[in-house]
Amino acid sequence: MGMALLVIGGLLALVGWVMLLIKAFKDSVLWGLVVLFFSGIGSLIFTIVKKPGWTPILLMIVGGVLAAIGSGMAASDANTNPPAALILFVFNNLV
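Residues numbered from 1 in each chain as written. Predicted model: local features only at pLDDT ≥ 70, side-chain atom pairs only at ≥ 80, totals over all residues. Heavy atoms only, no water.

Draft legend 1. Region of interest: the pattern of salt bridges. Within the structure shown, the criterion is met by 1 salt bridge. Residues Lys50 and Asp27 are paired through a salt bridge, measuring 3.6 Å at the closest nitrogen-oxygen approach. Here the residue Lys50 occupies a position in helix α3 (residues 39–50), and Asp27 occupies one in helix α1 (residues 2–27), the gap between them amounting to 23 residues. Overall, the relative accessible area of 39% leaves Asp27 in the partly exposed class. (Salt bridge = Lys/Arg side-chain N within 4 Å of Asp/Glu carboxyl O. Helix = DSSP H or I, 4+ residues; strand = E, 2+ residues; numbered from the N terminus. Buried < 20%, exposed > 50% of the residue type's maximum accessible area, 1.4 Å probe, protein only.)

Right, dumping it as C-alpha cells:
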C-alpha cells in the first residue's frame, strides 16, 4: 500500500509540474525556461506573478504529501516484512 501511494503521489506531482511547465511556456519562453531550470522557486514566482498556475501547484503539493506518506508507509513495511533477499541470505547461511 505504501509503495502504491508513493508512486501515485510521484505521478501526481509530475503531472502538476508538466502542466505548470506548459502554462509557463505558453505565456513566454522566458517563463518556461525559469520554471524548467529553477523548478521550485521559479514555479512559485510564476504562480504568484501570473496567477494561472494554482491548479498545477496544488497538484504538486498534494502529490508530494501523498508521496511522503507512502514513503513512510513503505519504510515501516520494510521493517516489519524483510525483503526476500534478506530471507534468502539467512536461509542460505543456515543450510
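Draft legend 2. Geometry of the confidence of the model for the chain. On average, residues of the chain score 82 in pLDDT, and 80% of them are at 70 or above. Averaged over each element, pLDDT in the chain is lowest for helix α5 (residues 84–94) (61) and highest for helix α2 (residues 29–37) (93). (pLDDT = per-residue confidence, 0-100.)

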